[in-house]
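Overview (structure and organization)
One-letter residues, chain by chain:
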Number of protein chains: 2
Amino acid sequence: MNNFLYRSLEQQLSEEIEQGRWQPGDRLPSIRTLVQEQGLSKTTVMHALNRLEARGLIESRPKAGFFVRPQYKPMPVNAPSSNIVSSPAPVPVSVNAVTQELMCRSAAFDISPDAGTREALPPGLLQLNRTVARELRRQKGLHQYYDEPAGSQQLRDILARRYKRQGCQVDACDLTVTTGCQQALFFALMCLCQRGDLVAVESPGFYGVLQLLEGLGLKAIEIPSDPVQGMDLDVLAQAAEKWPIKACVVTPSFATPTGALMPLENRKQLLVLAEQYDFHIVEDDIYRELAFDHPMPPLQALDRQGRVILCGSISKTLSRDLRVGWVISERWREEIQRLKLVTSLATSRYVQQGVASFIEDGGYDRHLRRYIPNLQAQRDELITTIQYEWPMPCASSVPQGGLTLWLELPQHIDSMQVYARAREQDILITPGALFTAADHFRNCIRISYTHPWNTDRKAALNVLGGILAEINEL
Amino acid sequence: MNNFLYRSLEQQLSEEIEQGRWQPGDRLPSIRTLVQEQGLSKTTVMHALNRLEARGLIESRPKAGFFVRPQYKPMPVNAPSSNIVSSPAPVPVSVNAVTQELMCRSAAFDISPDAGTREALPPGLLQLNRTVARELRRQKGLHQYYDEPAGSQQLRDILARRYKRQGCQVDACDLTVTTGCQQALFFALMCLCQRGDLVAVESPGFYGVLQLLEGLGLKAIEIPSDPVQGMDLDVLAQAAEKWPIKACVVTPSFATPTGALMPLENRKQLLVLAEQYDFHIVEDDIYRELAFDHPMPPLQALDRQGRVILCGSISKTLSRDLRVGWVISERWREEIQRLKLVTSLATSRYVQQGVASFIEDGGYDRHLRRYIPNLQAQRDELITTIQYEWPMPCASSVPQGGLTLWLELPQHIDSMQVYARAREQDILITPGALFTAADHFRNCIRISYTHPWNTDRKAALNVLGGILAEINEL
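Residues numbered from 1 in each chain as written. Chains lettered and ligands numbered in written order. Predicted model: local features only at pLDDT ≥ 70, side-chain atom pairs only at ≥ 80, totals over all residues. Heavy atoms only, no water.

What to know about the overall build of chain A
As a reminder of what qualifies: Put simply, DSSP H or I for four residues or longer makes a helix, DSSP E for two residues or longer makes a strand, and each gets a number counted from the N terminus. Between the two quantities, the radius of gyration covers C-alpha atoms and the globule rule is 2.2 Å times the number of residues to the power 0.38. Throughout this description, buried means an accessible area under 20% of the type-specific maximum (1.4 Å probe, protein chains only), exposed means over 50%, and partly exposed covers the range between. Only heavy atoms enter the contact rule, under which two residues are in contact if any of them lie within 4.5 Å.
Helix and strand counts for chain A come out as 15 helices and 15 strands. Computed over C-alpha atoms, the radius of gyration of chain A comes to 23 Å, within 12% of the 23 Å expected from 2.2 N^0.38 for 474 residues, which places it in the range of a compact globule. Dimensions of chain A, computed from the C-alpha atoms along their principal axes, are close to 70 × 55 × 45 Å. A buried classification covers 61% of the 474 residues belonging to chain A. The long-range fraction of contacts in chain A, counting pairs at least 24 apart against all pairs at least 6 apart in sequence, stands at 75%.

Below is the structure:
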């Protein structure tokens, strides 16, 4: 292949995209057209297109061709923001009633609540549900026996093997199956902390953790977390210097709400800090497998001191309703199993066996291969709408995986008001106030791209843009 | 009907049974034979037989006739026993490692562990599992949505209606669905108690409660509980006079291990004590629907002060593996839902809907009508074996419902030794030490009649009798 030829085409196309000949979402000329127009071989044209795709300028859509990708204005890394607290202090967490209500009823991932009730299941989920149903029908007299508190050996073996492939040192006997990731986080914090202890959390960060801290009587130290790199480790170090932090809850891969991905160097530094200041890390690993481009192993893979308790779940990758999660720790294994036993005895055996069979038969990986490109396309469509179609364009985070992004609106916009106005029209967003125990992020909202942008959801998104513009002008 | 005639036949038959003309398990002459031999009308013969059945001397088996019931030697009510503590004091609970191991792996209900894996499902369970599997296959996009923390409205409505029929004041909104009864007990104690608080429990009583007290840092006051009437309320009153009891955990209908049924008068007295000494009651209602003769409403039906938190489950009546339980309290409703949310988020929606449909379609009541007579027959067979076939007959409790009975062996027999010797031969019993945080009941064991006495289990029971006799002679 002639290097010059494909490079020349690559440059020509990238310049044309930059100059606006094609807008984001436009389809490029077909391969056949480019071959004819440019007098190049199909191989050369393909090579140029592939390189443009790798650079993130275009994307291929099966059976449709190559399309120009939106060029997002990402939030700057570590930019000072009026929302970010620079010297955090421990605070007792008290989630107010409104937030509680939001969490219970509405803090879901669908902008058009319950639209999913009418949607067909994706093929992977159909297969998973069939597998679980088969295990249930096969049960025989086993309905009379509780499963072991630690969970099904088959599922624990399979999950441990998957983690080992990521470089984690995980033995199946150190893994306890839980009722989703929330129970995993609960057990982890129960092991590490006593009432009154200090826990560092991402800010903005997962509201479920804040509620847990409140429930356990723990104090939160909110560490600023930016939308690209996640937790600010300099601030964490300052806080650890000043306060006796017992645990740090962190989502290195695709933190909610921002979708931040903590870089490798920061992960190493975080483990050094944990060692230096003698705290433990609770790793919320629930979004990691939903990586668009650069999957990174769990933080736990770098941990040589047993400082990380790893918490995961199938809720975000497969099914929220099966309630299967897990928590992994060699050091706290016995304590975790004891907690599982006394607080909920056991997990359904048939569900675990169904999930285990599904993973073992390759159904899970097949599902991810189909699901992740869809998520990425849904993210793109969401960002394109926000940045190009809304009357008042907003800067959003540009997550490289996970299910949600983060919008910072002008300072004077109160997202609780946005929430209420949207709710009147059956549109659901998650207001920024949920992601902090302090008084930050009132002008921020989280939007999810978990679901396909069908007509209803697309319409909801446009109405939301209108509501924001209206409130902005008040 | 001539009163004299049926009374005369009734007396004749009861004397013949007493004098041993018929042994327990023998079939009485058929109705036709009795009509012919005695020259009585069929109505008169039937009336005499029904009266004998009501007295517990005989039992009718459909299409087979009337059989002599074993006359058990029940444990005396309120008899002084070296096992029973008469002035209990609060103790921190520390369940030792052996007990923990027993609980995790073996504290099941089957004397031949895992024999159930080869047994066919009873028709009710087949139907239930099919219903749950159907709900799972019907799920559509709902796998993307967590259920509400409180649980499925349909299931909550149905359960509330069932309780209302028992005279309980239960509103569906006060009911939270849980991961089995264990999570229900956990939430109840979390609401009522702070670390260090005192909780009155039955002694012997459910080991899961003792573990929970340990996990929550609560202190147990063990109140003697006899095998017929349950908790000794005089001792409870003395304890409450002396110590600031915060909560009392009690199983009024068929407490494990003994199967005791608390009489109505005692229930009323317990509620008076709760009022007088200002403590709350956690009612473990898991066995109530497994009543052989005289079903009693829950204690909660008598509660006019909101002092009872009611905990239930389908684990003992339907399936342990579906992990569906519930906790009911008007006063603590919000706190319970908050605990559910932060510790496990939600319960599987499809399972709840399957269980709800099964109950609504009458499948649950049909199942109970078939299951309960089987349980009673299994109890009879177990007691008959113990009292008539073992080389060393032992006195056992004679539960009127539930799944387990309680054997008090001679003082010098150590049930941990029995446990170990039986375990070597793959036979499982639950040693008495599990049912106390103190050092009582070392000479007691719990045996369950949950499972049919097939050849394996019958053989296991005979081997167990041999082991006991052997240890007795040492």
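Let us keep going from here.
A short note on the pairing of strand β1 (residues 58–61) of chain A
Residues and elements named next belong to chain A. Applied cut-off: Only when DSSP finds a minimum of two bridges between them are two strands counted as paired.
Strand direction decides the pairing type here: β1 and strand β2 (residues 65–68), joined by four bridges, are antiparallel. By the bridge assignment for β2, Glu-59 is matched with Phe-67. Counted between consecutive antiparallel strands, the loop separating β1 from β2 contains three residues, among which Lys-63 sits at a positive phi close to 65°.

Thoughts on the packing of helix α7 (residues 180–192) of chain A against helix α11 (residues 333–344) of chain B
For clarity, the cut-off: Every angle, taken between N-to-C directions, lies between 0 and 180 degrees, and every axis is a line fitted to C-alpha atoms, over only the stretch in contact when it is a helix. Angle categories are assigned with fixed cut-offs, so that under 35 degrees is roughly parallel, over 145 is roughly antiparallel, 65 to 115 is roughly perpendicular, and the rest are oblique.
Packing of α7(A) against α11(B) brings their axes to within 6 Å, and their N-to-C directions diverge by 90°. Judged on the interaxial angle alone, α11(B) and α7(A) are roughly perpendicular. Between α7(A) and α11(B), the contacting residues are A:Gln182, A:Gln183 and A:Phe186 on the first element and B:Leu341, B:Val342, B:Thr343 and B:Ser344 on the second.

Examining the relation of the copies chain A and chain B
Quick reminder of the rule: The least-squares superposition of copies is restricted to C-alpha atoms, and to residues with a pLDDT of at least 70 in both copies.
Between chain A and chain B, which share one sequence, the superposing operator has a rotation angle of 180° and an axial displacement of 0.2 Å; the RMSD is 0.5 Å. Viewed as a symmetry operation, the transformation between the two copies matches a two-fold axis. Using C-alpha coordinates, one finds that chain A approaches the rotation axis most closely at A:Ala133, a distance of 2.6 Å. Looking at chain A, 100% of its interface residues are interface residues in chain B too, so the copies touch through the same face.

Thoughts on the nonpolar core
This is how the line gets drawn: Residues enter a nonpolar core if they are buried and are Ala, Val, Leu, Ile, Met, Phe, Trp, Tyr or Cys, with the set joined through side-chain atoms within 4.5 Å.
Counting residues in hydrophobic clusters, the biggest one holds 206 residues, and the most contacted among them are A:Leu189, A:Leu322, A:Ile447, B:Leu189, B:Leu322 and B:Ile447. Discounting residues that sit within four places of it in the chain, A:Leu322 has contacts with A:Leu128, A:Val132, A:Ile314, A:Val351, A:Val355, B:Leu136, B:Ser348 and B:Tyr350.

Let's talk about the pattern of salt bridges
All names here are of chain B. As a reminder of what qualifies: Whenever Lys or Arg places a side-chain nitrogen within 4 Å of a carboxyl oxygen from Asp or Glu, that contact is recorded as a salt bridge.
Under the criterion given, the structure shown has 48 salt bridges over all chains. We note a salt bridge from Asp-414 to Arg-442, for which the minimum N-O separation is 3.6 Å. Of this pair, Asp-414 sits in the loop between β13 (404–408) and α14 (415–424) while Arg-442 is found in the loop between β14 (430–431) and β15 (444–448), placing the two residues 28 residues apart along the sequence. Owing to a relative accessible area of 25%, Asp-414 belongs among the partly exposed residues under this scheme.

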